[in-house]
Amino acid sequence: MLVGGGVKKIDRGHAMWLTRKRREAYRKRYLVRRSARRVPSTALTLKLKELTLFTSKGHAAVAKCVRRMRRGIKDGRRVVIDMTECTNVTACGALRLHAEMILGREDSAAGVLGVRFKLPKNNLYRHFLDTMGFGLPEDAEVKPKAGVLRIQSGAKKVPGQLAQLLNQMNERLFKSELERGGEDWDSLYKALSEAMLNVSVHAYKDDERVEFVQRLGERWWLMGNRIKKQLYLAIYDKGIGIPRSFQKKGLEIVETMKKLVAWLPGAEGGGDSSLIRMAMEYGRSGLKQAGNGLGLDDIKKYVENNPDGKLHVFSNHGRVVFHSKDSTYKLIEYADSIHGTLIQWNLKLELPAEGKADET
Amino acid sequence: MTSMSTAATNNTIHIARQFSEEPYGRTQDHGDDNGERFRHQWLLPALSRGQRILIEMDGAVGYGSSFLEEAFGGLVRLGYYNKDQLREKLTVHHKLSRNVDLVWHYIDRATFGVDKGKREAAEKRWAARH
């Protein structure tokens, strides 16, 4: 239909058709369709059966997949990650693999086509990965789903970034129910700003990461998922990791903290998990006066205030799990490193009981 | 952003209107709207005039703990004012009382003068930018 000065006005149906076509065009580039003809014979296909960091098996499987993907890219091959038989998919595993795939494409001679993937056959997992924008660059269109914040990535705090992110979260996760400046909004702001600051302060302050930072900035990836009144957030960075960052504070501080946390079960092991545990304790020990980031301590406070709160801190080879219910810590060591830090936690929101947002 | 004279005339610092709607981070490394800049550009000049000042925190997108610790806790750590002096000179207001409590928590927790050695460097950094 033509109106006024010849401006073409498209109807709703046409607009939807256009959006669908655009979305399909994007997805064609990154997703491998069932047709085997699309996969070049020289492509390296990596089968992944568990996409999680919560189990030792899954943690090892993701690490192996990432290792082989990097080797394949280095050898100039295209890589296809086949998750069709995946039996366990969690946000932390997906976030890590997503980041590695995006970075892999940066290094691949084939560019965006260098790393592609096949989604799981399981509808629940497929839908989950689909709505979080798994494996897709930020500018690719993803069908929005209430309760899921697609993966966001950033490199440096720019003015207005947090407001934009919070507005987006409010729209996607809460159907704009959050009051700007209200308690939930404020909790979210604090959690996100400290998590981002933590990355900027600790993660990339190392000579080894200079080249990475020059190329890609102090990059982080973030995703969110709302389930009823619980908001799950996860942030991943490819920095030096908490254990190395903590050791850089000096032997004296590490030794003092070792004595302070020696009574904690498992903390005396000396592995990455005990260093993460020490770093968490250090933030609240009073030894730190002008610490750079209050990040971990701050995040933990919100988890503590949540009766169903859980905080998972994965960093390099270690993992520390904190349960608010009984205020216990669990320390776990893995054979493989995640080459960075992934923090996943959940906040309890004070939303009205009969919220309009979907409870997924 | 309004000029410093605005703060001087009515003894109120409205963070969102006069400084930034999105205060974030500790130092310049973390962005322009950091706690160190707020301390040097707004808090210290206003406190030096000797009158009681009101910090109005309403209207901002939010307040990160690092910003609040650096801006307010930093006044004590760097040895500018002790806790009692700040109790006499400052009134803090925000619609969420927990943010007001947080400001006083960081002031109370800080040890007076513990980072005095860093004060000179902070002042130099600030002077270099102006």
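Before any of the text, the structure's been laid out above.
Parameters and conventions
Residues numbered from 1 in each chain as written. Chains lettered and ligands numbered in written order. Predicted model: local features only at pLDDT ≥ 70, side-chain atom pairs only at ≥ 80, totals over all residues. Heavy atoms only, no water. Pairing = 2+ DSSP bridges. Helix = DSSP H or I, 4+ residues; strand = E, 2+ residues; numbered from the N terminus. Axes fitted to C-alpha atoms, helices over the stretch in contact; angles between N-to-C directions. Buried < 20%, exposed > 50% of the residue type's maximum accessible area, 1.4 Å probe, protein only. Patch = residues over 30% accessible without salt bridge, like charges linked within 9 Å, V, L, I, M, F, W, Y side chains within 5 Å. Areas by Shrake-Rupley, 256 points an atom, 1.4 Å probe, with all protein chains shown as cover. Salt bridge = Lys/Arg side-chain N within 4 Å of Asp/Glu carboxyl O. Lys, Arg positive; Asp, Glu negative; His and termini not counted. Charge placed at Lys NZ, Arg CZ, Asp CG, Glu CD. Phe/Tyr/Trp six-rings, centres within 6.5 Å; stacked < 30°, edge-to-face > 60°. Lys NZ or Arg CZ within 6 Å of the ring centre and 35° of its normal. Contact = heavy atoms within 4.5 Å. Buried area = accessible area lost by both parts, 1.4 Å probe. Parallel < 35°, antiparallel > 145°, perpendicular 65-115°, else oblique. Left-handed = near helix turned anticlockwise from the far one by under 90°.

> I'd like to hear about the sheet that holds strand β3 (residues 44–47) of chain A, residue by residue, with values.
Residues and elements named next belong to chain A. Reading across from one edge, β3-β5-β7 is the order of the three strands in this open sheet, with parallel pairing throughout. The strands lining the two open edges of the sheet, one partner per strand, are β3 and β7 (115–118). On average, each strand axis in the sheet is inclined to that of its neighbour by 20°, with strand direction left out of account. In this sheet, β7 lies alongside strand β5 (residues 79–82) in parallel orientation, the contact comprising four bridges. The residue of β7 that forms the bridge with V80 is R116.

> Provide a residue-level description of the pairing of strand β9 (residues 220–227) of chain A, including the pertinent values.
Every other side chain in a regular strand lies on the same face of the sheet, so the side chains alternate between the two faces. Residues and elements named next belong to chain A. Of all the eight residues making up β9, seven are buried; the element is thus mostly covered by neighbouring parts of the structure. Pairing geometry for strand β8 (residues 148–154) and β9, over five bridges, is antiparallel. By the bridge assignment for β9, G154 is matched with W220. Bridge count between β9 and strand β10 (residues 230–237): eight bridges; the pairing is antiparallel. In the strand pairing of β10, M223 is matched with A234. From the end of β9 to the start of β10, which pair antiparallel, there are two residues, and K228 there has a positive phi angle of about 55°.

> Can you lay out a positive patch on the surface for me, pointing to particular residues and giving the numbers?
Residues and elements named next belong to chain A. There is a patch of like positive charges on the surface, built from K64, R68, R71 and R77. Of note, R77 is situated in the loop between α2 (56–74) and β5. Relative accessible area serves as the criterion here: at 36%, R77 is assigned to the partly exposed category.

> Explain unusual backbone geometry residue by residue, including any values.
Residue and element names in this part refer to chain A. With phi around 60°, S176 is a residue other than glycine that occupies positive phi space. Among the secondary structure elements, S176 is positioned in the loop between α5 (161–174) and α6 (183–203). With a phi close to 50°, N316 is a non-glycine residue in the positive phi region. Assignment of secondary structure puts N316 in the loop between β11 (310–315) and β12 (318–323).

> So what's going on with the packing of aromatic side chains? Which residues, and what values?
Inspection of every chain in the model, using the stated rule, returns nine aromatic pairs over all chains. Ring geometry for F38 of chain B against F67 of chain B: centres 5.8 Å apart, planes inclined by 40°, an arrangement best described as tilted. Placement of the pair is F38 of chain B in helix α3 (residues 35–48) and F67 of chain B in helix α4 (residues 65–77), with a sequence separation of 29 residues. When its relative accessible area of 0% is taken as the criterion, F38 of chain B is described as buried. Aromatic rings pair up to connect F19, F38, Y63, F67 and F72 of chain B into one cluster. One Lys or Arg, R277 of chain A, reaches over the ring of Y329 of chain A and ends 3.4 Å from the middle of that ring. Positioned above the aromatic ring of Y80 of chain B, the side-chain terminus of R119 of chain B is 4.1 Å from the ring centre.

> Just give me the short version of the interface of chain B and chain A, but keep the residues and values in it.
In this assembly, 30 residues from chain B lie in contact with 33 residues from chain A. Of the roughly 2500 Å² buried between chain B and chain A, counting both surfaces, carbon and sulfur atoms make up 45%. When residues of chain B are sorted by the area they lose upon contact with chain A, E22, Y24 and V61 of chain B head the list and together hold 27% of the total. At the boundary of chain B with chain A, the tally comes to three salt bridges.

> With reference to specific residues and values, describe the sheet that holds strand β2 (residues 53–56) of chain B.
All names here are of chain B. In spatial order, the strands read β1-β2-β3; together these three strands make up an open sheet with parallel pairing. Each end of this open sheet is capped by a strand with a single partner; those strands are β1 (12–14) and β3 (90–93). When the angles between neighbouring strand axes are averaged without regard to direction, this sheet yields 15°. Across three bridges, β1 lies against β2 in parallel orientation. Looking at β2, one finds that H14 is bridged to E56.

> Can you explain the packing of α5 of chain A against α6 of chain A? Please cite residues and give values.
All names here are of chain A. Packing of α5 against α6 brings their axes to within 11 Å, and their N-to-C directions diverge by 125°. Looking at the two axes, α5 sits oblique to α6. For the crossing formed where α5 meets α6, the hand is right-handed. Between α5 and α6, the contacting residues are Q161, L162, L165, L166, N167, M169, N170 and F174 on the first element and W185, L188, Y189, L192, S193 and M196 on the second.

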